Amino acid sequence: MFDSLVAYRYPDNDGIRCFEGELRQGLSKGFVISQFISKKECFQTIADLKQISAEELDKRIYDLLSTEDYSDAESNIPVESTAEKDYFYEVNSIIDELGDNPQEKTIACRQIVSFGKLDVIKTFNTLCDKYPDAFVFLFCAPSSGAWIGASPELLLQADNSILSSYALAGTRPYAAGIEWDDKNIKEHRIVADYIFNKFKSIGIKPESTSIMSRRAGNVEHLFKRIWGNLENMDKKFLLDDLLEDLSPTPALCGMPKKESMERINRLEKFKRRFYGGFCGIYEDCNKFSFYVNLRSLCFDNTHCCIYAGGGITCQSDPGMEWNETASKAAGIQSSLCFC
């Protein structure tokens, strides 16, 4: 009996694929999902994928969400948006704790709740049209509930012996037409250095594109692609260990990772659940594509919750950070279609 649903569209690809499947523990062939706190023993796969039509997925999704198997996941969907005062308190606390160290940052996140029953397929198609460069995804499983999003960030991909990742960090309104400021440049450097070092730690000699701007809806980020050749590795490639190290990346958690995670767990008044984790198709250890779960929301048949975050450094301004999260969420909010 299938208990899960999946839909996805790769960047710059018109093909939308929909599946039903069965949720299993561990990393196996199928659609992999992982929470923000990524531990390899918590990786899950929607396996035995059977292709279905978008119409079939649309008919089944709310029936599944109403079953007893989904009761725990559904009870975790927030019903209130993060108050501005609570977000400001978190950001100011992070700034105080970082002191004057420009090499450290922590990601502060907030929730934005909207009420209404989502038209799932219409919303998915709108995201595909609006974000041609994104990995547009939907998954619905008993452990997670239902999530939909348009991720601009590749976490890890293997294809033809090439292992790739994105360093994506720093945010401003699209087409600002000015030089990137020092705060955003340092944010990006932290993420890029982290990925470079993780590749080196498993015996891969990393290469990268030059740093550039990349659009994601109505905002843009600093971006570079990082890759290396799996054939030239000196050590055995242990994918689950590398995923555990990479996720969440500094762009979703912060640096140093351990201190940032502790700070998030202590200061945020909610759990991020699958926001900031990853999802994507796994064939085998030589072919997979995993994307970070961001620009996303969870939903049930009465309401939905968008998650949006930003990197806080010693140079951050709480008001500007609030506005940045609003800009990140606005593209997704404007794509929502309700029944």
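Just so it is clear, the model here is predicted, and its values are computed rather than measured.

What counts, and where the lines are drawn
- Residues numbered from 1 in each chain as written.
- Predicted model: local features only at pLDDT ≥ 70, side-chain atom pairs only at ≥ 80, totals over all residues.
- Heavy atoms only, no water.
- Helix = DSSP H or I, 4+ residues; strand = E, 2+ residues; numbered from the N terminus.
- Buried < 20%, exposed > 50% of the residue type's maximum accessible area, 1.4 Å probe, protein only.
- Polar contact = N/O pair within 3.5 Å; in protein donor to acceptor, adjacent residues only side chain to side chain.
- Contact = heavy atoms within 4.5 Å.
- Phe/Tyr/Trp six-rings, centres within 6.5 Å; stacked < 30°, edge-to-face > 60°.
- Lys NZ or Arg CZ within 6 Å of the ring centre and 35° of its normal.
- Core = buried A, V, L, I, M, F, W, Y, C linked by side-chain atoms within 4.5 Å.
- Axes fitted to C-alpha atoms, helices over the stretch in contact; angles between N-to-C directions.
- Parallel < 35°, antiparallel > 145°, perpendicular 65-115°, else oblique.
- Left-handed = near helix turned anticlockwise from the far one by under 90°.
- Nonpolar A, V, L, I, M, F, W, Y, C, P; charged D, E, K, R; others polar.
- Salt bridge = Lys/Arg side-chain N within 4 Å of Asp/Glu carboxyl O.
- Pairing = 2+ DSSP bridges.

Caption draft 1: Region of the structure containing the side chain of Ser289. Secondary-structure assignment places Ser289 in strand β15 (residues 287-292). Exposure remark for Ser289: the relative accessible area of 9% places this residue in the buried category. A polar contact of 2.9 Å, which involves the side chain of Ser289, links it to the side chain of Gln157. Excluding anything up to four places from it in sequence, Ser289 contacts Tyr10, Leu156, Gln157, Cys279, Gly280 and Ile281.

Caption draft 2: A look at the packing of aromatic side chains. Applying the stated rule across the entire model yields 23 aromatic pairs. Aromatic side chains Phe139 and Phe274 sit 6.0 Å apart centroid to centroid with 65 degrees between the ring planes, which places their arrangement in the edge-to-face category. With a gap of 135 residues between them, Phe139 in strand β6 (residues 135-141) and Phe274 in the loop between α7 (257-267) and β14 (278-284) connect regions that are remote in the sequence. Here Phe139 falls in the buried class, since its relative accessible area comes to 1%. Among the residues examined, Phe274 registers a relative accessible area of 2% and is labelled buried. The lysine or arginine in question, Arg172, covers the ring of Trp180, its NZ or CZ lying 4.1 Å from the ring centre. Sitting above the plane of the Phe36 ring, Arg272 keeps its charged end 4.7 Å from the centroid.

Caption draft 3: Representation of the nonpolar core in the model. One finds Phe31, Phe139, Leu156, Leu163 and Phe288 to be the most contacted residues of the largest nonpolar core, which totals 59 residues. A per-element tally of this core places helix α5 (residues 182-201) first, with 6 residues. Ranked by size, the runner-up nonpolar core spans 33 residues in total, among them Ile52, Tyr70, Tyr131 and Leu336.

Caption draft 4: Broad picture of the packing of helix α3 (residues 84-98) against helix α8 (residues 318-333). Across the interface, α3 lies against α8 with an axial gap of 10 Å and an inter-helix angle of 120 degrees. Of the possible angle classes, the one that applies to α3 and α8 is oblique. Between α3 and α8 lies a crossing of right-handed hand. Residue-level inspection shows Glu84, Tyr87, Phe88, Val91, Asn92 and Ile95 of α3 in contact with α8, the latter providing Pro318, Gly319, Glu321, Trp322 and Thr325. Of the residues that constitute the contact of α3 with α8, the class distribution is 6 nonpolar, 3 polar and 2 charged.

Caption draft 5: Examining the packing of α5 against helix α6 (residues 239-246) more closely. Between α5 and α6, the least distance of the axes is 11 Å, while the angle of their chain directions is 160 degrees. Judged by the inter-axis angle, α5 sits roughly antiparallel to α6. Along this stretch, α5 crosses α6, giving a crossing that reads as right-handed. On α6, the residues that touch Tyr194, Ile195 and Lys198 of α5 are Leu242, Asp245 and Leu246. Of the residues contributing to the contact of α5 with α6, the split by class is 4 nonpolar, no polar and 2 charged.

Caption draft 6: Spatial organisation of the pattern of salt bridges. All told, the structure shown has 18 salt bridges when counted by the stated rule. Salt-bridge contacts for Arg272 lead to Glu268; the nearest nitrogen and oxygen are separated by 2.8 Å. Relative accessible area serves as the criterion here: at 3%, Arg272 is assigned to the buried category. Connected via shared salt-bridge partners are Glu97, Glu262, Arg263 and Arg266.

Caption draft 7: Structural context of the pairing of strand β5 (residues 105-115). The element β5 is largely enclosed, with a buried count of 9 among its 11 residues. When β5 meets strand β13 (residues 254-255), the two strands line up antiparallel, connected through 2 bridges. Opposite Lys105, over in β13, you have Met255 as the bridge partner. Here 10 bridges tie β5 to strand β17 (residues 303-312), and the two strands are oriented antiparallel to one another. Each bridged residue has a counterpart across the sheet, and for Val113 the counterpart in β17 is Cys305.

Caption draft 8: Structural detail: the pairing of strand β9 (residues 162-173). A large share of β9 lies buried, amounting to 10 of its 12 residues. The pairing of strand β8 (residues 154-159) with β9 spans 3 bridges and is classified as antiparallel. By the bridge assignment, Gln157 is partnered in β9 with Ser164. The turn linking β8 back onto β9 is made up of 2 residues, and Asn160 within it adopts a positive phi angle of 55 degrees. Where β9 and strand β12 (residues 219-229) come together, 11 bridges link them in antiparallel fashion.

Caption draft 9: Looking closely at unusual backbone geometry. With omega at -5 degrees, the peptide bond leading from Ser247 into Pro248 counts as cis. The topology assignment puts Pro248 in the loop between α6 and β13. Cis geometry is adopted by the peptide bond preceding Pro256, which originates at Met255 and carries an omega value of -5 degrees. The topology assignment puts Pro256 in the loop between β13 and α7. Phi at Asp12 takes a positive value of approximately 55 degrees, unusual for a residue other than glycine. Mapping Asp12 onto the fold places it in the loop between β1 (4-9) and β2 (17-25). Classification of Asp12 by relative accessible area gives exposed; the value is 65%. One non-glycine residue with positive phi stands out, namely Asp48, at about 50 degrees. Among the structural elements, Asp48 can be located in strand β4 (residues 44-52). The exposure class assigned to Asp48 is partly exposed, which follows from its relative accessible area of 40%.

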